[in-house]
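# Notes for the structure review
Residue strings, one per chain:
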Amino acid sequence: MADFIPFALPTIGDEEIDEVVRTIRSGWLTTGPQARRFEAEFAAYLGRRHAVAVNSATAGLHLALEAIGVGPGDVVITTVFTFTATAEVIRYLNATPVFIDINPKTKNMDVQALKAALHRHAGRVKAVIPVHFAGLACEMGEILECAKKSGAVVVEDAAHALPTRSAGRLIGSFGDITVFSFYATKTLATGEGGMIVTDDDRWAERMRVMRLHGISKDAFGRYSDQKPSWHYEVVAPGYKYNLTDVAAALGIQQLRKVEAMHERRVEIAAAYLAGLASLPLELPYSDGLASHAWHLFTIELLLDRIDIGRDEFIGELMKAGVGVSVHFIPLNRHPYWRQSCGLDDQDFPVATDKFLRTVSLPIYPRMTKAHVERVIGAVAGLCERHAVAA
Ligand SMILES: *Cc1c(COP(=O)(O)O)cnc(C)c1O
């Protein structure tokens, strides 16, 4: 058998390795000058006032909700078609998640359902968390507008969305608060890591304090001209969410490649869209190939045109040496969310239907043309072998 094509691989070159080695040799391992430099360069890339580096997007989402004051009794609206991290942070703060279904074309939050949920929970909604699924921008204009009217803050889960463009503007370059993930499989990878961006000074200040044990050096500075280096004040029971300088070193070099890596993803997406076009599959929607980050390339099987189920389809692709995955097992299919929120598949028909038919194909800059052709060949071969007469 030809060698296995993994589902995901990071693009780590000598630049990243050299930067990490320099950092380790500097003697500074935890949060320090590299993390501050990564924040400054990330903020500049998106043209934002603040970038707050954290050790995961999950931590970032938690800090964002905490900073805007989400607490018991508050409602936070998000979709079921996401990773559990998006919703678990709502639980950390003892707030109430309200889940809505997705749009069948984009697999992003259904804006009509959002408007209905904002109306249903009027006065209680503190935040809305849209997820830019696979790297396709949500309808941000409408989402920001209807959230604002309801007095809710929009905290974007942009774990898939670097770089994603919405009407020409980068996701993260506008809006209330945007959270990125640098998990090993994401488009910018530091192993573990994340970044929160915002223009709001008070939210940024709160997130910086809560990221590191609720320690404020500034609080002390307000009362004294002399600031001994050993002194600090704890102003809240914070968390331990800071990003290490070793991870930041990877991030600094990865950020320099982010557009080049994206170009390669766009090329692969274009090859998939062309190569899979005539098959009994639904292919991902994009509003312009280059606007989509292409963190994921998901296909949906048209199950009335082939005599093979999704799970078997995945088994066959794996046997053919193609690593694949499923995004997402929606939250209404997980025991915790089903039981604690009373979620029922019938209330999320689009997410449930997509889940039952979806397969995520490998897409990353290190894939060669031959890899891409092998994936297309394997998918096409399976579809042909299992075609049912129309
Ligand atoms: C990866 C991911 C997260 C979590 O990111 P971490 O950095 O691993 O915490 C959150 N939301 C979505 C949609 C993701 O894909």
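Scanning the protein chain for helices and strands turns up 14 helices and 14 strands. Seen along its three principal axes, the alpha-carbon backbone of the protein chain occupies a region of about 80 × 55 × 35 Å. Split into buried and exposed, the 390 residues of the protein chain put 55% on the buried side. In the protein chain, of all internal contacts separated by at least 6 residues, the share reaching a separation of at least 24 is 71%. A total of about 16700 Å² of accessible surface is found on the protein chain, and carbon and sulfur atoms cover 54% of it. Between the mean site of the 41 positive side-chain charges and the mean site of the 45 negative ones, the protein chain shows a separation of 3 Å.

The α-helix advances 3.6 residues per turn, and as a result positions three or four apart in sequence lie on the same side. With respect to burial, helix α3 (residues 57-67) is a largely interior element, 10 of its 11 residues being buried. Backbone geometry just after α3 places G69 at a positive phi near 95 degrees.

Quick look at the environment of H386 now. Relative to the elements of secondary structure, H386 occurs in the segment after α14 (369-385). When its relative accessible area of 17% is taken as the criterion, H386 is described as buried. For the pair H386 and A236, spaced 150 residues apart in sequence, the C-alpha to C-alpha distance is 60 Å. Once you skip the residues sitting within four places of it in the chain, H386 turns out to touch R305, I306, D307 and I308.

Ranked by internal contacts, the top residues of the largest apolar core, which has 43 residues, are F38, F42, I77, L114 and V128. At five residues, the largest contribution of residues to this core is made by helix α2 (residues 33-46). Every residue in contact with L114, bar those within four places of it in the chain, is listed here: I77, I100, M109, V128, I143 and C146.

Per the domain assignment, the segments making up the protein chain are domain 1 (14-255) and domain 2 (258-385). Centre-to-centre separation of domain 1 and domain 2, based on C-alpha positions: 27 Å. Of the residues lining the interface, 35 residues belong to domain 1; the matching set on domain 2 comes to 34 residues. Between domain 1 and domain 2, the buried area comes to about 3000 Å², and carbon and sulfur atoms account for 64% of it. Of all residues in domain 1, V80, F81 and T187 bury the most surface against domain 2, accounting for 18% of the area lost on that side. The closest approach of N and O atoms between E259 and R165, which form a salt bridge, is 3.1 Å. The interface formed by domain 1 and domain 2 contains 17 residue pairs in polar contact (both at pLDDT 80 or more).

Neighbouring residues of the ligand: 15 residues in total, closest T58, D157, H160, S181 and K186. A distance of 2.5 Å separates an oxygen atom of the ligand from a polar atom in the side chain of T58. Between S181 and the ligand, the recorded distance is 2.7 Å, taken from a side-chain N or O atom to an oxygen atom. Protein burial of the ligand: of its 380 Å² of free accessible surface, 92% is covered by the chains. Among the elements of the structure, α3 and α4 (84-92) are those that each provide at least two residues to the shell around the ligand. For the shell around the ligand, the residue count by class is six nonpolar, seven polar and two charged.

Criteria and thresholds
Residues numbered from 1 in each chain as written. Predicted model: local features only at pLDDT ≥ 70, side-chain atom pairs only at ≥ 80, totals over all residues. Heavy atoms only, no water. Helix = DSSP H or I, 4+ residues; strand = E, 2+ residues; numbered from the N terminus. Buried < 20%, exposed > 50% of the residue type's maximum accessible area, 1.4 Å probe, protein only. Contact = heavy atoms within 4.5 Å. Areas by Shrake-Rupley, 256 points an atom, 1.4 Å probe, with all protein chains shown as cover. Lys, Arg positive; Asp, Glu negative; His and termini not counted. Charge placed at Lys NZ, Arg CZ, Asp CG, Glu CD. Core = buried A, V, L, I, M, F, W, Y, C linked by side-chain atoms within 4.5 Å. Domains from an automatic or database assignment. Buried area = accessible area lost by both parts, 1.4 Å probe. Salt bridge = Lys/Arg side-chain N within 4 Å of Asp/Glu carboxyl O. Polar contact = N/O pair within 3.5 Å; in protein donor to acceptor, adjacent residues only side chain to side chain. Near = heavy atom within 4 Å. Nonpolar A, V, L, I, M, F, W, Y, C, P; charged D, E, K, R; others polar.

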